[in-house]
Amino acid sequence: MVEAVPDALAGVEAAVGPARKRIGEVLAGYTPDQLDLLFDYFSHAAPAFREATEEIRAATQERKGGR
């Protein structure tokens, strides 16, 4: 369930703003072609990491006897 929370965006920005700023600084050092490659990599790597995480969780649950 998702619930709209008035003025929540300001809190989110306060929490992640410093990280977004630093990542922006890092990305600013790349050429457009390099950025294309990086974004392509991450678009494929992120789902692979999520799938691997699910596999690890399943294996951990099996070792714990399905708890």
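Predicted model only: the values in this text are computed from it and were never measured.

What counts, and where the lines are drawn
Residues numbered from 1 in each chain as written. Predicted model: local features only at pLDDT ≥ 70, side-chain atom pairs only at ≥ 80, totals over all residues. Heavy atoms only, no water. Helix = DSSP H or I, 4+ residues; strand = E, 2+ residues; numbered from the N terminus. Buried < 20%, exposed > 50% of the residue type's maximum accessible area, 1.4 Å probe, protein only. Phe/Tyr/Trp six-rings, centres within 6.5 Å; stacked < 30°, edge-to-face > 60°. Salt bridge = Lys/Arg side-chain N within 4 Å of Asp/Glu carboxyl O. Patch = residues over 30% accessible without salt bridge, like charges linked within 9 Å, V, L, I, M, F, W, Y side chains within 5 Å. Areas by Shrake-Rupley, 256 points an atom, 1.4 Å probe, with all protein chains shown as cover. Expected span 1.5 Å × (residues − 1). Bend = angle between axes of the 7 residues up to and from the residue.

A. Representation of unusual backbone geometry within the structure. In this structure, D7 is a non-glycine residue whose phi angle is positive, near 65°. Checked against the element boundaries, D7 lands in the segment before α1 (8-27). Overall, the relative accessible area of 72% leaves D7 in the exposed class.

B. Region of the structure containing the packing of aromatic side chains. Across all of its chains, the model carries 1 aromatic pair by this definition. Ring centres of Y41 and F42 lie 5.0 Å apart, and the angle between their planes is 70°; this geometry places the pair in the edge-to-face category. By relative accessible area, which is 45% here, Y41 ends up partly exposed.

C. The pattern of salt bridges, seen in detail. Under the criterion given, the structure shown has 4 salt bridges. Across the salt bridge formed by R20 and E13, the nearest N and O atoms sit 2.9 Å from each other. Between E25 and K21 there is a salt bridge, with the nearest N and O atoms lying 2.8 Å from each other. Taken together, the residues span about one helical turn, with E25 and K21 both in helix α1 at a distance of 4 residues. One salt-bridge network, held together by shared partners, links K21, R22 and E25.

D. Summary view of a nonpolar patch on the surface. Taken together, the side chains of L9, V12 and V16 present a nonpolar region at the surface, about 270 Å² in accessible area. Looking at where L9 falls in the secondary structure, it is placed in helix α1. What makes L9 exposed here is its relative accessible area of 66%.

E. Region of interest: α1. Helix length check: α1, at 20 residues, gives a terminal C-alpha distance of 27 Å against a target of 28 Å (1.5 Å per residue), a fit within 8%. At V16, α1 shows its largest kink, close to 55°, and the proline P18 lies no more than four residues downstream.

By themselves, these are just geometric observations and shouldn't be taken as functional.
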